[in-house]
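Report on the structure
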Amino acid sequence: MVNRKVTDGELMALLKRREEPVYDAGKVAEELDVSRPTALNRLQVLAEGRGDVRRTSIGQADVFWVEKAENEADYDDRLDFLKQSVIDEFEDKFVGLYTEPWTAVHPDDGPATGGDRIQLLVEGEPGNWKLAQGQRRLWENRRDAIPEELIIAGETQALISGTLHEQPTVPIAHVSYEPDWDIEEAVGAQWVDVAPERQALMCIGEKNYLVEPCNNAVFLDRVRVDILSPEGEGAECVDGGVLSQ
């Protein structure tokens, strides 16, 4: 046993493994190599701060567990639940670059356009998945594991792959505007000349972008989970032969 701090991520990773129905301070102390008082204190703080961490008493001992996410009970295996959640999130999802929506990989490393297969690193949890910044690859440059330096304690991460398809999109016009609605005044935008006899709308906000319709924005199709690292465990699971396809 060492005298060290325990992070919320480490505790959540242990509880979510569900190798035991419930965990007491003694079991957590043994698994994480800390003192029993430290384990108990951190478990209590976690239970008070998170709605999905449950606590009850069995005899004289407090025990803790993580409540399954909504619909997770419909799956026999937690990994299947995580995989399906990722697939549902990214199927038919826009994955183009915001400044260059026609490619899913930076032009210097790609580009990746309609018909191309790509691999992306995603992270988060069911209902809150996001693309990891700067981790986009063409299929021929795919990874067969999540690099150790990118694994985040307590965070579920996955390498996913899919085929890109193109469809038109207008980044700022997803709803219908009233006939007299002044877009320039409402969003602080102005028309600027970008070429002879061609204009684009520049929106001024957190960043400045030229906003105009894109006829070939790329979306992800036929999504597969190649590698899964549940809650930062690093015990990655290959989805049966996907990497060789």
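Here the structure is shown first, and the text comes after it.
Residues numbered from 1 in each chain as written. Predicted model: local features only at pLDDT ≥ 70, side-chain atom pairs only at ≥ 80, totals over all residues. Heavy atoms only, no water.

Before going further, it helps to examine the overall build of the protein chain. Check the secondary structure of the protein chain and you find 5 helices and 11 strands. For the protein chain, with 245 residues in total, the buried portion stands at 36%. Considering only residue pairs separated by 6 or more positions, the protein chain has 62% of its internal contacts joining residues 24 or more positions apart. Surface exposure of the protein chain reaches about 14300 Å², of which carbon and sulfur atoms provide 45%. (Helix = DSSP H or I, 4+ residues; strand = E, 2+ residues; numbered from the N terminus. Buried < 20%, exposed > 50% of the residue type's maximum accessible area, 1.4 Å probe, protein only. Contact = heavy atoms within 4.5 Å. Areas by Shrake-Rupley, 256 points an atom, 1.4 Å probe, with all protein chains shown as cover.)

Once that is clear, we can look at the environment of Gln133. Along the chain, the position of Gln133 falls in strand β5 (residues 128-138). Note on Gln133: relative accessible area 79%, which makes it exposed. As for Gln133 and Leu121, which are separated by 12 residues in sequence, their C-alpha atoms are 8.4 Å apart.

Here we take up unusual backbone geometry. Of the consecutive residues Gly110 and Pro111, the connecting peptide bond is found in the cis state with omega at -5°. Summarising the element assignment, Pro111 is placed in the loop between α4 (78-90) and β4 (117-125). Residue Arg222 is not a glycine yet carries a positive backbone phi of 50°. Counting through the fold element by element, Arg222 comes out in strand β10 (residues 214-229).

In this structure, strand β1 (residues 23-24) lies alongside strand β3 (residues 61-66), joined through 2 bridges in antiparallel fashion. Looking at the pairing, Asp24 lines up with Val63 of β3. Note: strand β2 (residues 53-58) against β3, 6 bridges, orientation antiparallel. When the sheet's bridge partners are listed, Ser57 is paired in β3 with Asp62. In this structure, the hairpin formed by β2 and β3 is closed by a connection of 2 residues, where Gly59 is found at a positive phi of approximately 65°. (Pairing = 2+ DSSP bridges.)

The sheet built from 3 strands is open, its strands ordered β1-β3-β2 with antiparallel pairing. Strands with a single pairing partner mark the edges of an open sheet, and in this sheet they are β1 and β2. Sitting on the sheet, helix α1 (residues 8-17) touches β1, β2 and β3, and the angle it makes with β3 is about 85°. (Axes fitted to C-alpha atoms, helices over the stretch in contact; angles between N-to-C directions.)

Glancing now at the nonpolar core. Soluble globular proteins tend to bury their nonpolar side chains together. Formed by 22 residues in total, the largest nonpolar core has its most connected members in Phe90, Ile118, Ile160, Leu164 and Leu220. At the level of secondary structure, the elements contributing two or more residues to this core comprise α4, β4, β5, β6 (156-169) and β10. Aside from chain neighbours lying at most four places away, what touches Leu220 is Phe90, Glu91, Asp92, Lys93, Val95, Ile118, Leu120, Ile160, Gly162, Thr163, Leu164 and His165. (Core = buried A, V, L, I, M, F, W, Y, C linked by side-chain atoms within 4.5 Å.)

Turning our attention to the packing of aromatic side chains. Applying the stated criterion across every chain yields a total of 1 aromatic pair. Both rings, one in Phe94 and one in Phe219, keep their centres 5.6 Å apart while their planes meet at 65°; by these two values the pair is edge-to-face. Remark: Phe219 occurs in strand β10 and Phe94 occurs in the loop between α4 and β4; sequence separation between them is 125 residues. Residue Phe94 is classed as partly exposed on the basis of its relative accessible area, which comes to 24%. Look at Phe219 and you get buried, because its relative accessible area is 10%. One Lys or Arg, Arg117, reaches over the ring of Trp139 and ends 3.9 Å from the middle of that ring. (Phe/Tyr/Trp six-rings, centres within 6.5 Å; stacked < 30°, edge-to-face > 60°. Lys NZ or Arg CZ within 6 Å of the ring centre and 35° of its normal.)

Secondary-structure assignment places Gly110 in the loop between α4 and β4. Using a relative accessible area of 29% as the deciding quantity, one classes Gly110 as partly exposed. Taking the C-alpha atoms as reference, Gly110 lies 7.9 Å from Arg137; in sequence the two are 27 residues apart. In this structure Gly110 touches Val105 and Leu138, once residues within four positions along its chain are discounted.

As a further point, take the pairing of β6. For a regular strand, side chains alternate in direction, first toward one face of the sheet and then toward the other. Taken across its 14 residues, β6 has 10 buried, putting it largely inside the fold. For β4 and β6, the ladder comprises 8 bridges, and the chain directions are antiparallel. If you follow Arg117 over to β6, its bridge partner there is Thr163. Summarising the sheet, β6 and β10 pair through 11 bridges and their orientation is antiparallel. Within β10, the position partnered with His165 by the bridge is Phe219.

By themselves, these are just geometric observations and shouldn't be taken as functional.
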